[in-house]
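# Working through the structure, step by step
Here are the chains, one letter per residue:
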Amino acid sequence: MELLFKASAGVLITVVLYHTIPCERKELALLLSVAVSCMVCIVAFSFLKPVVSFIEDLQNVAKLDSEMLGILMKAVGIALVTEVTALICKDFGNGALGKTVQFLAIAGTLWLALPIFQELLNLFESILTET
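Residues numbered from 1 in each chain as written. Predicted model: local features only at pLDDT ≥ 70, side-chain atom pairs only at ≥ 80, totals over all residues. Heavy atoms only, no water.

## Some details on the overall build of the chain
Just so we agree on the cut-off: Numbering of helices and strands runs from the N terminus, with a helix taken as a DSSP run of H or I at least four residues long and a strand as a DSSP run of E at least two residues long. Each radius of gyration is computed over the set of C-alpha atoms, and the globule rule expresses the reference value as 2.2 Å times the number of residues to the power 0.38. Relative accessibility under 20% of the residue-type maximum defines a buried residue, over 50% an exposed one, and the middle range a partly exposed one, all with a 1.4 Å probe and only protein chains included. Contact definition: two residues touch when any of their heavy atoms are within 4.5 Å. Calculation of accessible area relied on Shrake-Rupley with a 1.4 Å probe; when residues are assessed, cover is drawn exclusively from the protein chains displayed. For the charge count, each Lys or Arg is scored as positive and each Asp or Glu as negative, with His and the chain ends excluded. In plain terms, the charge of a residue is placed at NZ if it is Lys, CZ if Arg, CG if Asp and CD if Glu.
Counting secondary structure elements, the chain contains 5 helices and 0 strands. Shown N-terminal to C-terminal, the secondary structure of the chain runs as helices and strands in the order α-α-α-α-α. For 131 residues, the compact-globule estimate of 2.2 N^0.38 gives 14 Å, and the chain exceeds it by more than 25% at 21 Å. The buried share of the chain, reckoned over its 131 residues, is 14%. Of the contacts made within the chain by residues no fewer than 6 positions apart, 51% connect residues no fewer than 24 positions apart. Total accessible area on the chain is roughly 10,000 Å²; 74% of this is exposed by carbon and sulfur atoms. Positive and negative charge centroids in the chain, built from 8 and 12 side chains respectively, lie 12 Å apart.

In structure tokens, the structure reads:
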């Protein structure tokens, strides 16, 4: 929890610095913002390690298909990366580009989920042929 508070404090300090840097030095402000965003993402991923470990344990106990859980984890990764990218686009005044990235993520997630949809279709076909 201490790491979360430190990261939040770093973000707040960055916001203050970003707005106090003179207009002539906006490149420096942008670089600072990107660097802190990357560090916060690293902290966020460290919080996700136990979650991934729990999902792996759940897979072993429930004997779930690793391919399906892999698809789920990739979809979560797409969502996280897309959200950060869209927010950065919005912060830099290009909300339309952020929405485009979100649309790309939806399309990518649907493409990624095709094997799950195929398994569902096979299940429905087998149920319908039995009756």
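The rest of the description comes next.
## A look at the pattern of salt bridges
Worth spelling out the cut-off: Any carboxyl oxygen of Asp or Glu within 4 Å of a side-chain nitrogen of Lys or Arg constitutes a salt bridge here.
Under the criterion given, the structure shown has 1 salt bridge. A salt bridge links Glu2 to Lys6, with the nearest nitrogen and oxygen atoms 3.1 Å apart. Highlighted residues: Glu2 and Lys6, both in helix H1 (residues 2-20), separated by 4 residues, approximately one helical turn.

## Thoughts on the side chain of Thr82
Rules: The definition of a polar contact used here is a pair of N or O atoms within 3.5 Å, where within protein one atom must be able to donate a hydrogen and the other to accept one, and adjacent residues in sequence count solely through side-chain atom pairs.
You can see Thr82 is positioned in helix H3 (residues 66-91). A distance of 2.6 Å separates the side chain of Thr82 from the backbone oxygen of Ile78, its partner in a polar contact.

## Let's talk about the confidence of the model for the chain
What counts here: Per-residue confidence from the predictor is given as pLDDT, running between 0 and 100.
Of the residues in the chain, 99% reach a pLDDT of 70 or more, and the chain-wide mean stands at 86. By mean pLDDT, helix H2 (residues 26-62) is the weakest element of the chain at 84, and helix H4 (residues 95-112) is the strongest at 92.

## What about the packing of H4 against helix H5 (residues 114-130)?
For any two helices packed against each other, the geometry comes down to the angle between their axes and how far apart the axes lie. Under the convention used in this document: Here an angle of 0 to 180 degrees is reported between the N-to-C directions of two axes, which are lines fitted to C-alpha atoms, with helices fitted over the stretch in contact. Put simply, angles under 35 degrees are roughly parallel, angles over 145 are roughly antiparallel, angles from 65 to 115 are roughly perpendicular, and the rest are oblique.
Following both chains from N to C, one finds H4 and H5 inclined at 45°, their axes separated by 5 Å at the closest point. Taken together, the axis directions place H4 and H5 in an arrangement best described as oblique. In contact with Leu110, Trp111 and Leu112 of H4, H5 contributes Leu114, Pro115 and Phe117.

## Details of H4
Helical periodicity: at 3.6 residues per turn, an α-helix aligns residues three or four positions apart in one direction. As a reminder of what qualifies: Given a helix with a known number of residues, its expected span is that number minus one, times 1.5 Å. The arc refers to the directions leading from the helix axis to the C-beta atoms.
Compared with the 26 Å implied by 1.5 Å per residue over 18 residues, the 25 Å span of H4 between its first and last C-alpha is a close match. Within H4, the full set of buried residues consists of Gly98, Val101, Ala105 and Leu112. Down the axis of H4, the sector holding all buried residues measures 55°, keeping them to one side. Looking at H4, the residues exposed on the side facing more than 90 degrees away from the buried face are Ala96, Lys99, Phe103, Ile106 and Trp111. Where H4 is buried, its residues touch H3 and H5.

## Thoughts on the packing of H3 against H5
For the pair H3 and H5, interaxial distance at closest approach is 9 Å and the crossing angle is 135°. Between H3 and H5, the interaxial angle falls into the category oblique. Taken together, the residues of H5 that come into contact with H3 (itself represented by Glu67, Met68 and Ile71) are Pro115, Ile116 and Glu119.

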